[in-house]
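Tertiary structure, described
Here is what each chain is made of, one letter per residue.
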Amino acid sequence: MLISKAEVMRNERKLDGTFYVKIRVTYQRKVKRLSTSIFVTEKDLTGTFKLKNQCVINEVNELIKSYQELCASLRVELNSYTLDEIIKMRKHGNLVKMYLIK
C-alpha cells in the first residue's frame, strides 16, 4: 500500500526562516521525500513540527490526493511498480503512464 504524508524537516530551515514542506511517500517499506513549492513559518507549525495552518493543510492534502489518484489509476499494487517508478510517473505524468501501461 502506498502511503503519502506531509512532513516538515526541522533541520531544513531556509535563510529567511521558513521551512520546506515535503511529501513523504512510503511503499513496500521504502521511503522517498518529494519536494513541494509549499513553505511554512514557525507559526504555521506545532511544537512537534506538525502543520497547524488549515490553509496549508488543505493545499498539501490536495497534492497528496492527486498522487493517490495517479497511483489508483495505475493500479500500483497490481502492476508491481517500484517506488522509483512511481516517483518518475508522478514527475512525468500521463506520458510515462501511457508508456508503462502499453
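Since the structure is predicted, the reported quantities are computational estimates derived from the model, not experimental observations. All residue numbers refer to positions counted from 1 along the written sequence of the respective chain. In keeping with the predicted nature of the model, local features appear solely for residues at pLDDT of at least 70, side-chain atom pairs appear and are counted solely at 80 or more, and the whole-chain, interface and lining totals rest on all residues. Only heavy atoms go into the side-chain values, all of them from the structure, while hydrogens and water stay out.

Some details on the overall build of the protein chain
For clarity, the cut-off: Starting at the N terminus, helices and strands are each numbered in turn, a helix being any DSSP run of H or I of at least four residues and a strand any DSSP run of E of at least two. With a 1.4 Å probe rolled over the protein chains alone, any residue whose accessible area is under 20% of its type maximum counts as buried; one over 50% counts as exposed, and the rest are partly exposed. Per-residue and other accessible areas were derived by the Shrake-Rupley procedure at a 1.4 Å probe size, with only the shown protein chains allowed to occlude residues.
Per the secondary structure count, the protein chain includes 4 helices and 3 strands. Moving toward the C terminus, one meets the helices and strands of the protein chain in the order β-β-β-α-α-α-α. Buried positions account for 32% of the 102 residues belonging to the protein chain. Surface exposure of the protein chain reaches about 7,000 Å², of which carbon and sulfur atoms provide 52%.

Some thoughts on the sheet that holds strand 1 (residues 3–13)
As a reminder of what qualifies: Note: two strands are recorded as paired if DSSP finds a minimum of 2 bridges between them. Interaxial angles span 0 to 180 degrees and are taken between N-to-C directions of axes, which are lines fitted to C-alpha atoms, for helices over the stretch in contact. Only heavy atoms enter the contact rule, under which two residues are in contact if any of them lie within 4.5 Å.
Spatially, the 3 strands line up as an open sheet ordered 1-2-3, and their pairing is antiparallel. Because the sheet does not close on itself, it has two edges, and the strands there are strand 1 and strand 3 (30–40). Across the sheet, the mean angle separating the axes of adjacent strands is 35° when strand polarity is ignored. In this structure, strand 1 lies alongside strand 2 (residues 19–27), joined through 7 bridges in antiparallel fashion. Within the sheet, the bridge partner assigned to Lys 5 lies in strand 2 and is Arg 24. Contacts from helix 1 (residues 54–74) reach strand 1, strand 2 and strand 3, with the element oriented near 140° to strand 3.

A word on unusual backbone geometry
One non-glycine residue, Gln 28, lies in the positive phi region at around 50°. With a phi close to 65°, Arg 29 is a non-glycine residue in the positive phi region. You can see Arg 29 is positioned in the loop between strand 2 and strand 3.

What to know about the confidence of the model for the protein chain
Which entries qualify depends on this criterion: pLDDT is defined as a per-residue confidence score from the predictor, taking values between 0 and 100.
Mean pLDDT over the protein chain works out to 82, with 84% of the residues at or above the 70 mark. When the criterion is pLDDT under 50, residues 94–102 qualifies, and its contacts beyond four places in sequence or with other chains add up to 9 contacts.

Some points on the nonpolar core
The criterion, for reference: What makes a nonpolar core is a set of buried Ala, Val, Leu, Ile, Met, Phe, Trp, Tyr and Cys residues whose side-chain atoms join them at distances within 4.5 Å.
Val 8, Val 40, Leu 51 and Val 60 are the most contacted members of the largest nonpolar core, which has 25 residues in total. Looking at which element gives the most residues to this core, the answer is helix 1, with 7 residues. Not counting the four nearest positions on each side in its chain, Leu 51 is found in contact with Ala 6, Val 8, Val 21, Val 40, Asp 44, Leu 45, Val 56, Ile 57 and Val 60.

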